Amino acid sequence: MEAIPSDNKAMTGFNSLTPDAWRALLSRYSHIVLVANSEAVDLERLRSELPETTLYVFFNKVYKVLDEPFIGHSMLVARSDVMGAHIVHRREVADVLRFFGGDDFLGVVNIRVSAEENLSESGRFEGAQVRHLDLAQMLVGLYPIGKIATSGFAVALWLADLQLPAKILLSGFSAKRSEKWKVFDVHDWTFEQIFLRLFARMGSISMMGGVDASLYSALAKRFPEVPPIEIAMTAAEVLSERLDNTNTQIDRLMSVTKFIRSIDNFFRRFKPKTRKERFLEKSKE
């Protein structure tokens, strides 16, 4: 692999590339697919439809979507929190990296998307090629306050801003909860879906899997005499009424489960502190 110029303004052990260096590294690919940890991902279909010059970008716990080592051009995005990369402080590096190897593996990209998150030094990834990417500043003033962007959203926005020749595809970005997959409330899923779908309609990215065909485009065809803004406002009116009805039922549910929740809160006080909680307490000392 040829040398890529880096921008190591931080401390030793960190490898941050310049935007031009990232373009040089990624411009060799015709397609870049961001693979979400989602049931909506269909890797077999992707591999059959896309050329061999495609780069597949995976995130964190890839064993959620991979059953065997991945053959092809790949890269792993490792998200950080206050303790560093998730897979590092959770001791999952080996479990994740066993799915990758060979010259087609570009290595690990350790990212952070907020100022509270901390990157992990390259030596913590058990010999893998590691690059670091700080996206915190990119999201300031863009992402809703009080929420934290998902890794997939941040990387998709960053890739679009790089203006690469490659076609950027998002696979499985459904933001849907299921029995198997969690959807954490710390992220603003509604904002991300709106943003990504607007991006897709502008042609900056493409979304595959997990996104249904727009019902409103069908309405526009059925009522060509109605301006698009009127269709959007009518849809928003209906959705607002349905949301109000849902909130009423949630209020009733909260009232019915008040006693159960009080018991749950009581026993949670005896639950041992997590490693992250102990880390945060120690850092305040």
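Here the structure is shown first, and the text comes after it.
It should be emphasised that the depicted structure is a prediction, and the values quoted were computed from it without experimental measurement.

**Side note on the overall build of the protein**
When helices and strands are counted, the protein shows 11 helices and eight strands. The proportion of buried residues among the 285 residues of the protein is 39%. For the protein, restricting intrachain contacts to residue pairs at least 6 apart in sequence, the fraction spanning at least 24 positions comes to 62%. On the protein, roughly 17700 Å² of surface is accessible, and the fraction owed to carbon and sulfur atoms is 54%.

**A short note on the pairing of strand β2 (residues 54-59)**
Burial runs high along β2: six of the six residues are buried. The pairing of strand β1 (residues 31-35) with β2 spans four bridges and is classified as parallel. Looking at the pairing, His 31 lines up with Thr 54 of β2. Crossover β1 to β2 through helix α2 (residues 43-49) is right-handed. With four bridges connecting them, β2 and strand β3 (residues 74-81) associate as parallel partners. Pairing of Val 57 across the sheet is with Met 75, part of β3.

**Quick notes on the side chain of Asn 15**
Of note, Asn 15 is situated in the segment before α1 (19-26). We classify Asn 15 as buried; its relative accessible area is 16%. A distance of 3.2 Å separates a polar atom in the side chain of Asn 15 from the backbone oxygen of Val 130.

**Structural notes on the packing of α1 against helix α6 (residues 151-162)**
At a minimum axis distance of 10 Å, the contact between α1 and α6 shows a crossing angle of 90°. By the angle between their axes, α1 is roughly perpendicular relative to α6. On α6, the residues that touch Pro 19, Trp 22, Arg 23 and Leu 26 of α1 are Trp 158, Leu 159 and Leu 162. Considered class by class, the residues forming the contact of α1 with α6 number six nonpolar, no polar and one charged.

**Regarding the environment of Ile 32**
As for its position among the elements, Ile 32 is in strand β1. For the pair Ile 32 and Tyr 56, spaced 24 residues apart in sequence, the C-alpha separation works out to 6.0 Å. If sequence neighbours within four positions are ignored, Ile 32 has contacts with Leu 26, Leu 55, Val 57, Leu 159, Leu 164, Ala 166, Lys 167, Ile 168 and Leu 169.

**Structural notes on the packing of aromatic side chains**
What the rule picks out here adds up to 12 aromatic pairs. With 5.6 Å between their ring centres and 50° between their planes, Phe 58 and Phe 100 make a pair best called tilted. Taken together, the residues span a long stretch of sequence, with Phe 58 in strand β2 and Phe 100 in the loop between α4 (93-97) and β5 (105-112) at a distance of 42 residues. A centroid spacing of 5.3 Å and a plane angle of 80° characterise the contact between Phe 266 and Phe 267, whose relative ring orientation is edge-to-face. Feature note: the residues Tyr 56, Phe 58, Phe 70, Phe 100 and Phe 105 constitute an aromatic cluster, connected by ring pairs. Its end group placed over the ring of Phe 223, Arg 222 keeps NZ or CZ at 5.2 Å from the ring centre.

**Thoughts on the side chain of Thr 54**
Here Thr 54 is to be found in strand β2. At 2.8 Å, the side chain of Thr 54 forms a polar contact with the backbone oxygen of Pro 51. Beyond its immediate stretch of four places on either side in the chain, Thr 54 contacts Tyr 29, Ser 30, His 31, Val 33 and His 73.

Reading the values: the criteria
- Residues numbered from 1 in each chain as written.
- Predicted model: local features only at pLDDT ≥ 70, side-chain atom pairs only at ≥ 80, totals over all residues.
- Heavy atoms only, no water.
- Helix = DSSP H or I, 4+ residues; strand = E, 2+ residues; numbered from the N terminus.
- Buried < 20%, exposed > 50% of the residue type's maximum accessible area, 1.4 Å probe, protein only.
- Contact = heavy atoms within 4.5 Å.
- Areas by Shrake-Rupley, 256 points an atom, 1.4 Å probe, with all protein chains shown as cover.
- Pairing = 2+ DSSP bridges.
- Right-handed = clockwise from strand over helix to strand, strands pointing away.
- Polar contact = N/O pair within 3.5 Å; in protein donor to acceptor, adjacent residues only side chain to side chain.
- Axes fitted to C-alpha atoms, helices over the stretch in contact; angles between N-to-C directions.
- Parallel < 35°, antiparallel > 145°, perpendicular 65-115°, else oblique.
- Nonpolar A, V, L, I, M, F, W, Y, C, P; charged D, E, K, R; others polar.
- Phe/Tyr/Trp six-rings, centres within 6.5 Å; stacked < 30°, edge-to-face > 60°.
- Lys NZ or Arg CZ within 6 Å of the ring centre and 35° of its normal.

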